[in-house]
Amino acid sequence: MRPASAPRLPVTARVFVQRFSSTPRGARLARHLAVHRLDAWGIPYGSAISDTAALLVAELTANAVTHGRVPGRDIEVLLRLDAYTLRIDVSDSRGERRPAGPEGRVTAAPEAEHGRGLLLVDALADRWGVFDRVPVGKTVRAELDRRFRGADRNESPVG
């Protein structure tokens with residue numbers, strides 16, 4: 001008799017890439033399409049990872065259209081889902097306006113109306129960072145580890 005083997009996780013990663021207008025409407029559409037794509041991949045609407053991803057996409061795209069907008073240039077959203085991680089990349093064409101990244105966080109004054117977006121990203125994401133985009137611009141990446149998200153028990157481990 002053969003011993004029961006552990007289930008094998010697929011090696012395949014699911015990828016979604018879309019460009020959006022660098023406008024508030026484009027940022028809103030990016031958030032809606034991101035959760036729709038996650039649902040199609042088996043991460044249901046309203047689950048912890050779906051809700052967290054929606055907040056991250058909303059914040060990163062809002063930052064891209066507010067601080068990274070170049071007239072006539074779009075923003076790009078990439079979702080990459082594998083058995084362990086959901087990666088969210090938001091890219092814009094304005095490389096000279098880079099946020100400090102997780103190592104150089106700046107806190108907002110309590111009375112300030114703006115400046116807390118990346119604090120939210122830092123609190124929600126397991127990892128995040130800022131990278132150069134070739135040929136021009138920057139990418140802000142946030143990652144969520146799937147194996148530690150106990151609230152998503154109704155999801156299959158392979159997504």
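Higher on the page you've got the structure.
About the criteria used
- Residues numbered from 1 in each chain as written.
- Predicted model: local features only at pLDDT ≥ 70, side-chain atom pairs only at ≥ 80, totals over all residues.
- Heavy atoms only, no water.
- Phe/Tyr/Trp six-rings, centres within 6.5 Å; stacked < 30°, edge-to-face > 60°.
- Lys NZ or Arg CZ within 6 Å of the ring centre and 35° of its normal.
- Core = buried A, V, L, I, M, F, W, Y, C linked by side-chain atoms within 4.5 Å.
- Buried < 20%, exposed > 50% of the residue type's maximum accessible area, 1.4 Å probe, protein only.
- Helix = DSSP H or I, 4+ residues; strand = E, 2+ residues; numbered from the N terminus.
- Polar contact = N/O pair within 3.5 Å; in protein donor to acceptor, adjacent residues only side chain to side chain.
- Salt bridge = Lys/Arg side-chain N within 4 Å of Asp/Glu carboxyl O.

Engineer: Would you take a moment to explain the packing of aromatic side chains for this structure?
Structural biologist: Two aromatic rings, taken as a pair, are described by how far apart their centres are and by the angle between their planes. Within the structure shown, the criterion is met by 0 aromatic pairs. Lying across the ring of F131, R141 places its NZ or CZ 4.8 Å from the centre.

Engineer: Explain the nonpolar core here, please?
Structural biologist: As a rule of thumb, nonpolar side chains are buried together in soluble globular proteins. Counting residues in each nonpolar core, the largest one holds 29 residues, and the members touching the most others are L56, L60, L79, L86, I88, W128 and A142. Within the residue set of this core, elements represented by two or more residues are β1 (14-20), α1 (24-40), α2 (48-67), β2 (75-81), β3 (85-92), β4 (127-132) and β5 (138-145). If one sorts the elements of this core by residue count, α2 sits on top with 7 residues.

Engineer: Would you mind going over the environment of K138 with me for this structure?
Structural biologist: With respect to the helices and strands, the residue K138 is situated in strand β5. Judged by relative accessible area, which is 3%, K138 ranks as buried. Among the polar contacts listed, one links the side chain of K138 to the side chain of D92, at a separation of 2.8 Å.

Engineer: I tried to follow the pattern of salt bridges on my own but got confused; where do I start?
Structural biologist: Note that side chains of opposite charge can pair when their charged atoms are close. Here the structure, examined in full by the defined rule, presents 7 salt bridges. Ionic pairing is found between R141 and D89, a salt bridge with its closest N-O pair at 2.8 Å. Of this pair, R141 sits in strand β5 while D89 sits in strand β3, placing them 52 residues apart in sequence. Assessed through its relative accessible area of 22%, R141 is described here as partly exposed. D145 is paired through a salt bridge with R127; the nearest N and O atoms lie 2.7 Å apart. Of the two residues, D145 is situated in strand β5 and R127 in strand β4; the sequence distance between them amounts to 18 residues.

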